[in-house]
Amino acid sequence: MTQVSKIVAADNGTAHASPSSLALKVELAARTVAPLWPLESAIAVNPLSGFEDMPFEQALGDAARLFGTRAGLDLRLWRRLSAMGRPTREAVRQESIRDLGGLERAFEMVGPDITLVDCLMARLYDLPIADALAHDGDPSAERVAEWCAAYFAKGVAAIPLGAQAPGLFAAALPLLKASFSNPLVKSVPETPMAAVRWALYRLAIEPADQQRFLRSTVARMPGWAGHIRWRDEQADDDRRQERPSGMADLIALILISDLAVGARPVEAIDKRVDVRRQLAAHFQIAADRFSPAVRDLCERDDAGLALIFQQAAEREFATPLAKSIAAKAKTAIADEASPDAQLLFCIDVRSEPMRRALEAQGAYQTVGYAGFFGLPIAVREPGSPRTRRLPVLVGPQHELALAPVRGAEEDARDYLAARDRDRSLRALFNRLKSGLATGFSTAETVGGGAGLWMALQTFAPGLSARLRRGMGGDPQALAPAIDRHAGGSGLTAGERLSYARAMFALTGMKATARLVVLLGHAGETVNNPYASALDCGACAGHGGAANARAMAAILNDRDTRAALGIAADTHFVAGEHNTTTDDVRLFDLQFLPETHSGDLERLQQSLAAAGEAVRTERARKLGRTEQDLRRGAAHWGEVRPEWGLTGNAAFIVGPRRLTRSIDLDGRAFLHDYDWRIDGQGEALATILTAPMVVAQWINCQYLFSTIDNDRYGAGDKTVHNPVAGIGVVRGNGGDLAVGLPRQTLFHDDGTPAHVPQRLTTIVYAPIKRVETLVEQQAVLRRLFGNGWVRLIVIDPQTGQVRRWADDRELNEDAA
């Protein structure tokens, strides 16, 4: 049952007309916010996904007005970035000329020896900047947030809310009535949709204004609204039924609270300044000496100015990159020799420095592929709920059991026993600390030990990490079973062959080396609610080891190998790249033939050397030492264990030989693709509509979390308070944070580490093929056509380079 149908069903039989009409309005209002995944699988999403059907520039303004956010990065920060050359002042000047309509218009005289572009540059760099808009609090939203936390935080809240209630609204209604003395509240209807209609009537919201009003109501709580949307659309049935809820529940509670307190939050006031007088003071002339032509420029707001900086940064990054790749396309020759080893990395931007460093160690071929290796699976550990290990764009088609690895059965038993012991102790501790009679005695009993453990984590984090691993066992002693096992579906011979073929078709790779390694990736951090944000997004915010091991098992399967014609001496190994320490762990090496021990030893030495090189590079960016990076991965007080995907800016689709000699500085998602074996464009369609869309979500999350970290991001980590694994609030309450923490995006002095810019997708394929795909795929028309993603196509047959937006050839004039 869809959300609309559920709402309509709940609304059935009410007295007022057009219940389905109101239900549809609520459903449309829900799309104002993006789904918010729980912390255990934090998935990057575009917080403005509900605005992608409009041009990017328009969406910035509309969303800013609706959410009360900035529409662009603070000009003070842009000025600081530009002083560092990100973008350069010359790039901003060229973008300003372009923005004004060309040279003739830009150099129009608007005052004594003053051109229009002079005025615009003065506004960008020199004139005073108005303070940020001030916002009053939202008491209704704050109160409803408390009820949401108490309702959804099952098993954690000291006093659970509405354990037997059929929904959030029903659970909170008694509290709502008890909280307010306003007699109006006593007559609130008992169902959420009826209550919404009741509130709209008393707030005198005309039907024509209801859609806009409902959207603005949802936008007041994007965090909890996003969580409800995730439950309704993405969560498994058991999770959804555990705490049923709908957007009507949330809207009803907010509106009734508004009625009860008798007022709504006051909207921000835009305090405009006299820009003409500021320009006059800057150029030391009288204000009336400016011609009328300067009026439009004076009326521009800071958001419009910030967009010029952003577009300059985008163009300054993308144009030389596209030219470099186009040049390589003319000269780079495919290496037909068999490499020492082949390694498939996730397309994640953090793989690029590792691939570059490894390629420098020897004759290694690296390939970029989505980190879930094309396997639409969920995995289930014994005694645990299943976890999805695939992009959220698709649902799992197979559930694989995690089974003890042959030869590691005892380690698996130790791990499961330690896990069960830890769960029992945690449950007991939570009960005791919450009990009226046991709370203080529990604190006195465990306080000493907890203090010692805290001291150990503070002064000897490496030792505490080793102790933690020793006591907790090794979860990698369990691996996905591709055969039927313990309730797991396994994979049929046909399914194994299909997924293996898809991997080779999408990447253009041929398995020619004696050793082929499939590398997932994961981060390593302690006491970090956003730990899963450092893991693999393609694996739904989990480490990629499970998928890598499943695909390696498929490719080592005798029947699959025979069907694909894989050479007898080619062996597949799974591994995981730790993106925080840049160590690589290879799995199941006991199954590797003795004949490959030399290959393995050389590869492991190269991986260690490559890891050290990447660690040195990352340490420099973080202003730390290599040893400090390792220490930070184990330290409970570390707020920035790594930069994550900060800096992401490009998605490149093509063979690695085009980018191998280019230092991409960890800013590009790299997906291998060979247009010659994709005559119908099916592989390219899959790449652009799946991995590229995920990359766009990631890019937008970083973009908007940087533009307005308070509203689109998560603010300062040091005040984060996790709520039952659902999300974090800042301080002791309020709405859930929807984006990334400040420490992920900014240096300690407040300078952005992430330059906010849109994703540039560069495709090495015939232009006609790409045009056809964009025309056929609505998602591509929306993203490229509305400017959410910049598309550049390099035609391998003609050498032409074209931007999608205006279809001009990319040359000096067009750039």
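Cut-off values and rules
Residues numbered from 1 in each chain as written. Predicted model: local features only at pLDDT ≥ 70, side-chain atom pairs only at ≥ 80, totals over all residues. Heavy atoms only, no water. Axes fitted to C-alpha atoms, helices over the stretch in contact; angles between N-to-C directions. Helix = DSSP H or I, 4+ residues; strand = E, 2+ residues; numbered from the N terminus. Parallel < 35°, antiparallel > 145°, perpendicular 65-115°, else oblique. Contact = heavy atoms within 4.5 Å. Nonpolar A, V, L, I, M, F, W, Y, C, P; charged D, E, K, R; others polar. Buried < 20%, exposed > 50% of the residue type's maximum accessible area, 1.4 Å probe, protein only. Pairing = 2+ DSSP bridges.

Visitor: Talk me through the packing of helix α19 (residues 409-434) against helix α20 (residues 439-459); I want residue IDs and the actual numbers.
Guide: Contact pair α19 / α20: the axes reach a minimum separation of 6 Å and the direction vectors enclose 130 degrees. When the axis of α19 is compared with that of α20, the two are oblique. In contact with F429, L432 and K433 of α19, α20 contributes G439, T442 and V446. Residues that form the contact of α19 with α20 fall into these classes: three nonpolar, two polar and one charged.

Visitor: Could you give an account of unusual backbone geometry, naming the residues involved and the relevant values?
Guide: R86 connects to P87 through a cis peptide bond whose omega is 10 degrees. Residue placement: P87 occurs in the loop between α4 (75-83) and α5 (89-100). Even without glycine at this site, A204 takes up a positive phi of about 60 degrees. Here A204 shows up in the loop between α10 (192-202) and α11 (207-218). Positive phi values are uncommon outside glycine, yet D588 reaches one of about 55 degrees. Relative to the elements of secondary structure, D588 occurs in the loop between β11 (584-586) and α25 (597-622). A relative accessible area of 23% places D588 in the partly exposed class.

Visitor: Explain the sheet that holds strand β3 (residues 341-346) residue by residue, including any values.
Guide: Read across the open sheet, the five strands follow the order β4-β3-β9-β10-β11; overall the sheet is mixed. Either end of the sheet is taken by a strand with one partner, and the two such strands are β4 (364-369) and β11. Ignoring which end each strand starts from, the neighbouring axes of this sheet average 25 degrees apart. As paired elements, strand β9 (residues 515-522) and strand β10 (residues 571-578) share eight bridges and run parallel to each other. Paired with V517 across the two strands is V573, which belongs to β10.

Visitor: How would you sum up the environment of W78? Please name residues and give values.
Guide: Turning to its location among the elements, W78 is positioned in helix α4. For W78, a relative accessible area of 1% gives the class buried. When the C-alpha atoms of W78 and A753 are compared, they prove to be 12 Å apart, with 675 residues separating the residues in sequence. W78 has contacts with L73, R86, P87, A306, F309, Q310, A313, V755 and P756, leaving out every residue within four places of it along the chain.

Visitor: Describe the sheet that holds strand β17 (residues 789-794), listing the residues and the values that go with them.
Guide: The mixed open sheet is built from five strands, whose spatial order is β13-β12-β16-β17-β18. The sheet terminates laterally at β13 (668-671) and β18 (801-803), the two strands that pair on one side only. Within this sheet the neighbouring strands show an average axis-to-axis angle of 15 degrees, counted without direction. Judged from the four bridges that link them, strand β12 (residues 650-653) and β13 form a sheet pairing that is parallel. Bridging from a neighbouring strand, A650 pairs with A668 of β13. Along the sheet, helix α28 (residues 691-707) contacts β12, β13, β16 (759-764) and β17; its crossing angle with β16, the most-contacted strand, is approximately 160 degrees.

From the geometry alone we can't say anything about function, so treat these as descriptive.
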